Amino acid sequence: MKNLNKKNNFPVEIIGAGFSGLSLAYFFIKQGYPVKIIEKTQRVGGVIHSFSAENGAFLVETAANGFVNSAKIEELFQDIRCEMIFTQQTAKKRYLFKAGKLHRWPLSFYETLSGIGRLLWRVLTGTIKPLPEEDFYSWALRCTNKSFNDYLLQPMINGIFATATEKLSAKLVLKSLFYKKIKPTKGRGLVSAPLGMQEVIDKLKEFLVTHGVEFIFKSEASDIKMLHNSFLATSLSSYICIKNHSSNSSTKQTEFALSNSLIRATVTYSKVHEIDGFGILFPNVENFHSLGVLANTKIFPNRGIYNESWILGGSEHPEYLDFSDDKIKELILADRARVFPGAPCVIEHFFIYRWKNVIPEYNLALDNFLSSVNSMDRVTGNFLGVLGLSGIHERNYHLVRNFVKEMDQNKD
Ligand SMILES: Cc1cc2nc3c(=O)[nH]c(=O)nc-3n(C[C@H](O)[C@H](O)[C@H](O)COP(=O)(O)OP(=O)(O)OC[C@H]3O[C@@H](n4cnc5c(N)ncnc54)[C@H](O)[C@@H]3O)c2cc1C
């Protein structure tokens, strides 16, 4: 193993054992560096967790249910010896709700033609790129049309960012969606492990421990003077706390530090009309309580009895986080009744996870902050331009590669 600091023999120190921290450690290990991970809780994985419920009757995911496949994700699964599973045929069907019905494509012929026409015009005239300070809603109106925004882009964006398009930076969102990655060889789309995301996390931890990574649990870093070989891999709110504390100054960083809260409620029913596809997204203009619903058992194979995960909260309904379980059940049943009017629906099992400030808001203030800081090369996480796990993993690869280059140059 390479010694970063020959005099003191310090390993790379990573604060946070969520996926961001584990993935960073993985790339350091592959480069032969010793690593120590400091984690404030007793477990690895951060928001990611899955378990088998009701004596193995079905699987519950608490947050992410998959990775968007990429060459780097395939390599990770291979290295940690984790079987990769792909979505089933039924998951190809994804629905959007419009005017009382489920649609696979919610736009009329004219709306589609005009939206695509405007998009092509922007491409041909070189004006597709977001303007400075342009929010995503304005970009969508400029480059497509209102129906495209309301019934296609907004619900899709809600499914990822849980935020109204008016509040998002167009530049940051588009950058996050179209980050550069090497194509996978086994197939595109969402992937997971047979026993869910926890299996990936467990096998990744096992891989790291086998390669000498030291884990220090129940230890909260609150004031780190950023040493040359320390990396922060926490949520946005923890990052702000640690940064402010370490520099003894409460900077204007809170302006960009908005994060949205989310609820993921997994339900089984004793009687239900099943969704025959990946799930349903609810456009904001339709005024549902939920942002969307995932038909978990239709997504990945062998996930037990039929169950759904309802996603609520986000930028438009932060108050839901404080609602009681019964109230959330009521909201879910009300939404379901609008989708399948008259169909019987009785909830049997209910598992709810309330995540406070979990999704960083990709707004203009965050965009300005990220453009203004000289270097974030000792920081990783979902607030640095890519929200999804595969994007975080890809960014970590480059972070470690640059660090190693820097170290090698210093040696010369
Ligand atoms: C409901 C939901 C569904 C999602 N679905 C998907 C999906 O399907 N696909 C996808 O790609 N992404 C999805 N995401 C996003 C993805 O799960 C997250 O972006 C990602 O897991 C964040 O990982 P992280 O390690 O950056 O943060 P976290 O998971 O928050 O981990 C941070 C870790 O740092 C620790 N920590 C914090 N402060 C300190 C401190 N001071 N000292 C020591 N330790 C500290 C915490 O305890 C925690 O373990 C979803 C998110 C949610 C909430």
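What counts as what
- For every chain, the first residue of the written sequence is number 1, and numbering continues from 1 along that sequence.
- Local features in this predicted model are restricted to residues of pLDDT 70 or higher, and side-chain atom pairs are both shown and tallied only at a pLDDT of 80 or more, whereas totals for entire chains, interfaces and linings draw on every residue.
- Helix and strand labels come from DSSP, where a helix needs a run of H or I of at least four residues and a strand needs a run of E of at least two; each type is numbered from the N terminus.
- C-alpha atoms define the radius of gyration in this analysis, and the globule rule sets the expected value at 2.2 Å times the number of residues to the power 0.38.
- To assign burial, the other C-beta atoms lying within 10 Å of each residue's own C-beta are counted, with C-beta atoms placed from the backbone; 20 or more indicates buried, 12 or fewer indicates exposed, and intermediate counts indicate partly exposed.
- By the convention adopted here, residues make contact when the C-beta atoms placed from their backbones lie within 7 Å.
- Paired strands, in this sense, are two strands between which DSSP finds at least two bridges.
- Each axis is a line fitted through C-alpha atoms, taken for helices only over the stretch in contact, and angles between the N-to-C directions span 0 to 180 degrees.
- Any residue whose C-beta atom, as set from the backbone, lies within 6 Å of a molecule or strand is reported as near that molecule or strand.
- What we call a nonpolar core is a set of buried Ala, Val, Leu, Ile, Met, Phe, Trp, Tyr and Cys residues whose membership is set by joining through C-beta atoms within 7 Å.
- In this entry, domain limits derive from an automatic or database-based domain assignment.
- Residues are sorted three ways: Asp, Glu, Lys and Arg are charged, Ala, Val, Leu, Ile, Met, Phe, Trp, Tyr, Cys and Pro are nonpolar, and all the rest, Gly among them, are polar.

Here we look at the overall build of the protein chain
- Helix and strand counts for the protein chain come out as 12 helices and 16 strands.
- Relative to a compact globule of 412 residues, whose C-alpha radius of gyration would be 22 Å, the protein chain shows 22 Å and is just as compact.
- Judged by the C-alpha coordinates and their principal axes, the protein chain covers about 70 × 55 × 45 Å.
- Each of the 412 residues in the protein chain was classed as buried or not, and the buried ones make up 44%.
- Partitioning the intrachain contacts of the protein chain with sequence separation of at least 6 by distance along the chain shows that 73% fall at a separation of at least 24.

Considerations on the sheet that holds strand β16 (residues 346-360)
- The sheet built from seven strands is open, its strands ordered β8-β7-β13-β14-β15-β12-β16 with mixed pairing. Edge positions in the open sheet fall to β8 (101-103) and β16, since each of these has one partner strand only. The average angle at which neighbouring strand axes cross in this sheet is 25°, direction not considered.
- The pairing of strand β14 (residues 290-294) with strand β15 (residues 307-313) spans four bridges and is classified as antiparallel. From the neighbouring strand, Val293 faces β15, where its bridge partner is Trp310.
- Here helix α10 (residues 325-339) sits on the sheet and contacts β7 (94-98), β8, β12 (259-271), β13 (279-281), β14, β15 and β16; the angle it forms with β16, its principal contact strand, is near 105°.

Notes on the pairing of β14
- Along β14, five of the five residues are buried, which leaves the element largely enclosed by surrounding structure.
- By the bridge criterion, three bridges tie β13 to β14 in an arrangement that is antiparallel. Across the sheet, residue Ile280 finds its bridge partner in β14, namely Val293.

Some words on the site of the ligand
- Taken together, 36 residues lie around the ligand, and Gly16, Gly18, Gly46, Ala64 and Ser238 are the ones closest in.
- Within the residue set of the shell around the ligand, elements represented by two or more residues are α1 (19-30), α8 (236-247), β12 and β16.
- Of the residues forming the shell around the ligand, the biggest block, three residues, is contributed by α1.

Observations regarding the nonpolar core
- Counting 99 residues, the largest nonpolar core has Ile14, Leu24, Ala25, Phe28 and Val35 as the members making the most contacts within it.
- It is α1 that contributes the most residues to this core, eight residues altogether.
- Mapping this core onto the domain boundaries places at least three of its residues in each of domain 1 (12-46 + 71-78 + 189-257 + 364-411) and domain 2 (108-177).
- Residues within four places of Leu24 in sequence aside, it is in contact with Ile14, Phe231, Ala233, Thr380, Asn396, Leu399 and Val400.

Examining the domain arrangement of the protein chain
- When cut into domains, the protein chain gives domain 1 (12-46 + 71-78 + 189-257 + 364-411) and domain 2 (108-177).
- Taking the mean C-alpha position of each, domain 1 and domain 2 sit 30 Å from one another.
- Between domain 1 and domain 2, the contact holds seven residues from the first and nine residues from the second.
- For the side of domain 1 that touches domain 2, the element with the highest residue contribution is helix α11 (residues 364-372), accounting for three residues.
- A breakdown of the residues in the side of domain 1 that touches domain 2 according to their chemical character gives four nonpolar, two polar and one charged.

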